[in-house]
Amino acid sequence: MSPWSFSSAARSVTTCFTALLPTRADLADVRRSPRRDLLAGLTVAIVALPLALGFGVSSGLGAEAGLATAVVAGALAAVFGGSNLQVSGPTGAMTVVLVPIAAQYGPGGVLTVGLVAGVMLVALAVARAGKYMSYVPAPVVEGFTLGIAGVIFLQQVPNALGVAKPEGEQILAVTWRAVEEFAKAPSWTALGLAGGVAVFMLAGARWRPAIPFSIVAVIVATLVAQVFGLGAAQPIGNLPSGLPAPSLGFLDLGALGTLLPSAVAVAALAALESLLSASVADGMTVGQKHDPDRELFGQGLANIAAPLFGGVPATGAIARTAVNVRTGAASRLASLTHAAVLAVIVFAAAPLVSKIPLAALAGVLLATAIRMVEVGSLRAMAKATRSDAVILILTAAATLALDLVYAVLIGMAVAGVLALRAIAQQTRMDKMPLDRGDLSVEEHELLADHIVAYRLDGPLFFAAAHRFLLELSEVADVRVVVLRMSRVTTMDATGALVLKDAVHKLNRRGIAVMTSGVRPGQRQVLESVGALQLLRHEGREYATTPEAIRGARTYLECAGAIPALSAQRTLSSTQPPTTIAREESAR
């Protein structure tokens, strides 16, 4: 590489990174409504505390990992992210991905995956890949959310029943074994606490949505467990008073190869959920619009830093972001305040937090899973079209049965196939009546006996081309077929090849094919497969349909299929047909 090209590449990379960094406008936004932002941040922290603890426990790394993630990742994503209102931290969707990783590779594997996923997210941000996330269809997102809600609910069943979590990675099998263990020796204490917390949260949310009933329910459940000495209500356990010193001691370079697929899954999920959450925040406000590439960059930095402090991979949290918006947040200061309040709790209240029963946290997550299901939205999506309903149900089922990223890929693949099918069905070949022009009734009927005209509408591509070939091959009892192609919206190589094959088959049957209105944009694909040369054979490509009809009449007269219609018309019709090439040269 020459010095000049190296310098140019360096400047390009520098420009990319500079565009992803915080701006003066971000600082100006922070100064506008500090009181509103501080109050919103405090409210979000109260809501986030039990969720961070619960998701940390569910991930397999413990409550302290959830708190470390909420503090470190929440602060970095708030500063460097692309949304003014996004709140980041551990989430249920991410926990679903992390559970099998923790079971197979242990805590070190989870932390390594988080760091590698963070690097991938930064690379996606530099590559400006954020805009492509908007192509995920709404039924896939709804099905994905429904499936995640189901997985989160099932994950909490062992703690809610007060039994040890059975071994295994398949959530349905693990849940069933937990129910069997409970049936052998039922203990109603944990179930009562979990159910009570969940019911209290759900009822409170319907009564006063702005009040953080989750923290109230957890405090009440903890006091009940302590006062009445409910031994079956297992507490979280000791929490460290503060964040651990940053360390790379967990990184196992030898396992990076085997952990790479898991890191890709975590990065994909972090990107998808973060950008979805940021879009939700935009929709709940007026004048707010996130930068998708900056959001990926912020989430990447957050996921690089969180494992250094023992945290799990993080992403934008839709529920906490929604609370942030509803309580009046106007800038990133609210998200920063949320992280700062949780940091104070980590340093000052760890002994109190450690007494919270696991069953109470299970109740919080059970209620959270139930509240994730938007019945009205699901009903509307299911009623929209049959394809949307199929995509939604399939994505939700795949989320429950398979890996989350596989579920999204399956949903998008099915959505793509159904979309292609719908587009292919728009391709039509309609028989059109011949324009009489200056012909008499007898002359028009004579031509109609020998010429048939078809108008092609819509895209002629691989998903629709073979149906077109079948219809065209069934043409019979005519001498000339006129194809009106001005309404063909797009054409790929398959469509061009099928058109060429159809012309060949008709020619072998003694049927001449005339075409009109071939668009300039379709000439390249027709020429690349040799179809354009075939269509131009003996001057059978025309600019307009009337010219094609005159060419067809000339062909029939020369072949002796019809008599000359009149001296004047014979004279005009026996002139050499005007082809596209001659028209272009005349211009």
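This section reports on the structure supplied with the text. (Residues numbered from 1 in each chain as written. Predicted model: local features only at pLDDT ≥ 70, side-chain atom pairs only at ≥ 80, totals over all residues. Heavy atoms only, no water.)

### Notes on the overall build of the protein chain
- Within the protein chain, the regular secondary structure consists of 27 helices and seven strands.
- Taken over 587 residues, the protein chain has a buried fraction of 51%.
- Surface accessibility of the protein chain: about 26900 Å² in total, with carbon and sulfur atoms responsible for 63%. (Helix = DSSP H or I, 4+ residues; strand = E, 2+ residues; numbered from the N terminus. Buried < 20%, exposed > 50% of the residue type's maximum accessible area, 1.4 Å probe, protein only. Areas by Shrake-Rupley, 256 points an atom, 1.4 Å probe, with all protein chains shown as cover.)

### Quick word on the packing of aromatic side chains
- Under the definition given, this model contains two aromatic pairs.
- Aromatic side chains Phe80 and Phe297 sit 6.4 Å apart centroid to centroid with 80° between the ring planes, which places their arrangement in the edge-to-face category. Of this pair, Phe80 sits in helix H4 (residues 63-80) while Phe297 sits in helix H12 (residues 292-305), and the two are 217 residues apart along the sequence.
- For Phe80, a relative accessible area of 21% translates into the label partly exposed.
- Residue classification places Phe297 among the buried positions, given a relative accessible area of 4%.
- The interplanar angle of 90° and the centroid separation of 5.2 Å between the aromatic rings of Phe182 and Trp188 together place this pair among those described as edge-to-face. (Phe/Tyr/Trp six-rings, centres within 6.5 Å; stacked < 30°, edge-to-face > 60°.)

### Structural notes on a nonpolar patch on the surface
- A cluster of nonpolar side chains, contributed by Phe200, Val216 and Val220, occupies part of the molecular surface with about 230 Å² of accessible area.
- Position of Val220 relative to the elements: it lies in helix H10 (residues 213-227). (Patch = residues over 30% accessible without salt bridge, like charges linked within 9 Å, V, L, I, M, F, W, Y side chains within 5 Å. Salt bridge = Lys/Arg side-chain N within 4 Å of Asp/Glu carboxyl O.)

### Focus: the pattern of salt bridges
- Per the counting criterion, the structure on display carries five salt bridges.
- Between Asp293 and Arg128 there is a salt bridge whose closest N-O contact spans 3.9 Å. Residue Asp293 is found in helix H12, and its partner Arg128 is found in the loop between helix H5 (92-126) and helix H6 (138-155); the two are separated by 165 residues along the sequence.
- Overall, the relative accessible area of 26% leaves Arg128 in the partly exposed class.
- Here Asp501 makes a salt bridge to Lys505, at a shortest N to O gap of 3.9 Å. Taken together, the positions of Asp501 and Lys505, both in helix H22 (residues 493-508) and four residues apart, correspond to about one turn of that helix.
- Since its relative accessible area comes to 30%, Asp501 is described here as partly exposed.
- Given a relative accessible area of 33%, Lys505 falls into the partly exposed group.

### So, the packing of helix H3 (residues 34-59) against helix H14 (residues 333-348)
- Look at H3 against H14: their axes get within 7 Å of each other, and the N-to-C directions meet at 50°. Between H3 and H14, the angle is such that the two are oblique. Crossing geometry of H3 relative to H14 is assigned as right-handed. On the side of H3, the interface is formed by Pro34, Asp37, Leu38, Ala40, Gly41, Leu42, Val44, Ala45, Ala48 and Leu49, while H14 contributes Leu333, Ala334, Thr337, His338, Val341, Leu342 and Ile345.
- Residue composition of the contact of H3 with H14, grouped by class: 13 nonpolar, three polar and one charged. (Axes fitted to C-alpha atoms, helices over the stretch in contact; angles between N-to-C directions. Parallel < 35°, antiparallel > 145°, perpendicular 65-115°, else oblique. Left-handed = near helix turned anticlockwise from the far one by under 90°. Contact = heavy atoms within 4.5 Å. Nonpolar A, V, L, I, M, F, W, Y, C, P; charged D, E, K, R; others polar.)

### Digging into the nonpolar core
- Ranked by internal contacts, the top residues of the largest apolar core, which has 86 residues, are Leu53, Val266 and Leu342.
- The element contributing the most residues to this core is H5, with 16 residues.
- Of all hydrophobic cores here, the second largest spans 32 residues; its members include Val488, Met491, Ala502 and Leu506. (Core = buried A, V, L, I, M, F, W, Y, C linked by side-chain atoms within 4.5 Å.)

### Examining helix H21 (residues 462-473)
- The terminal C-alpha atoms of H21 lie 17 Å apart, and with 12 residues this matches the ideal 16 Å at 1.5 Å per residue to within 8%.
- Taken together, the buried positions of H21 are Ala464, Ala465, Phe468, Leu469 and Leu472. Buried residues in H21, looked at end-on, bunch into an arc of 150°, giving them a common side. Pointing more than 90 degrees away from the buried face of H21 are the exposed residues His466 and Leu470. (Expected span 1.5 Å × (residues − 1). Arc of directions from axis to C-beta.)

Everything listed is a geometric property; what it means functionally is a separate question.
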